[in-house]
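Read off the chains here:
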Amino acid sequence: MSLPDRLRAAQGEIAATLATLLAPHDGPVGDAMRYAVTGGKRLRGFLLLETAALFDVPRATALRAAAAIEAVHAYSLVHDDLPCMDDDDLRRGQPTVHRRWDEATAVLAGDALLTAAFEWLASLDTGPAIRCELILTLAQAAGASGMVRGQALDIAAETAAAPLTLDAITDLQGLKTGRLLEWPCRAGALLGRADPAPLLAYAADLGLAFQIADDLLDVEGDAAVMGKAVQKDAAAGKATFVSLLGVPRARQRAEALVKSAQDALLPFGSRAATLSDVARFVVTRDK
């Protein structure tokens, strides 16, 4: 099966799992939660499913964990779109949650998705030690030492006296984007009772390549295809991989990261072919 076919199949499975898990939640907040997790690439959930498959983890278990990381990602987007953050009107080609409802509902829906993710992990049919490790590492990846710290650094950079250096941007994006791409790979290994180190090396390179591709799309992408505004970084005067390296060198760096990510998968042989294809996909996507 080709990567697009595998990704579409996984997207359907994750969507069905999320629909089941979110069904008990009613009212505007429940509706906003379901709206927030609709659509998207489901890349984080897909990474978890594929890494878990390397270790023959039961599909139902992997899908529940995949739903958890997709819920955390959706929460981060809902809050990121708020007027106090990026103030975006569109996400995935649709009005953002605070535009579709209101700011208070968006905040609550994001909060509810974040806490639901930990509820779902806590009820996994694995041993207690694995459940605790999954919860601990996701909290670290998403919280004040991970994604939230990256977002805070990004906000601070907007009013800093000097633009960020390339090293600073690399560190920032490793937190803001990379940590939630690393966790699914860690989780797949944890569910399979395996050493996550090779997969974390893969995920670290993948995360940076993904962000460079995002920066390139902000410069070159089509808003109609991407479903959100483009050229926002340049308008805001933000330092990015593209603004510091230029388009050709940024693309070269992304390609080098793809190669490094693929090399990290060599110990898994042909079983990791799909993960290798994902590394190529993140720098060739158009949204």
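Each remark here, short or long, concerns the structure printed above.
Now for a look at the structure at hand. (Residues numbered from 1 in each chain as written. Predicted model: local features only at pLDDT ≥ 70, side-chain atom pairs only at ≥ 80, totals over all residues. Heavy atoms only, no water.)

## Here's the deal with the pattern of salt bridges
Should the charged atoms of two oppositely charged side chains come close, the side chains can pair. Short version of the rule: Throughout this description, the term salt bridge denotes a Lys or Arg side-chain nitrogen within 4 Å of a carboxyl oxygen of Asp or Glu. Strands are runs of DSSP state E lasting at least two residues, helices are runs of H or I lasting at least four, and both sets are numbered from the N terminus onward. Three exposure classes are used, based on accessible area relative to the maximum for each residue type with a 1.4 Å probe and protein chains only: buried under 20%, partly exposed in between, and exposed over 50%.
In total, this model carries 13 salt bridges according to the counting rule given. In this structure, the salt-bridge partner of Asp-81 is Arg-91, at a minimum N-O distance of 2.7 Å. With Asp-81 in the loop between helix H4 (59-80) and strand S1 (90-91) and Arg-91 in strand S1, the pair connects residues that are 10 residues apart, well separated along the chain. Each of the two residues, Asp-81 as well as Arg-91, counts as buried. Close ionic contact of Asp-214 with Arg-285 constitutes a salt bridge, the shortest N to O distance being 2.9 Å. A residue pair is termed long-range when its members are at least 10 positions apart, and Asp-214 in helix H10 (residues 197-220) and Arg-285 in the segment after helix H15 (273-284) qualify at 71 residues. A residue is classified by how much of its surface remains accessible, and Asp-214, at 21% relative accessible area, is partly exposed. Assessed through its relative accessible area of 9%, Arg-285 is described here as buried. One network of salt bridges, in which partners are shared, links Asp-87, Asp-89 and Arg-99.

## Some thoughts on the side chain of Thr-105
Here is the rule we go by: Contacts between residues were defined by any pair of non-hydrogen atoms, one from each residue, lying within 4.5 Å.
Inspection of the secondary structure assignment puts Thr-105 in helix H6 (residues 103-122). The exposure class assigned to Thr-105 is buried, which follows from its relative accessible area of 10%. Not counting chain neighbours up to four residues away, the residues in contact with Thr-105 comprise Pro-28, Val-29 and Ala-32.

## A look at the nonpolar core
Note the cut-off: For our purposes a nonpolar core is just a set of buried Ala, Val, Leu, Ile, Met, Phe, Trp, Tyr and Cys residues, chained together by side-chain atoms within 4.5 Å.
The biggest cluster of nonpolar side chains holds 83 residues, and the ones touching the most others in it are Leu-47, Leu-113, Trp-120, Leu-134, Trp-183, Tyr-202 and Val-278. No other element matches the 12 residues that H4 contributes to this core. Apart from the residues lying within four places of it in its own chain, the contact partners of Leu-134 are Leu-121, Leu-124, Trp-183, Ala-187, Leu-190 and Leu-191.

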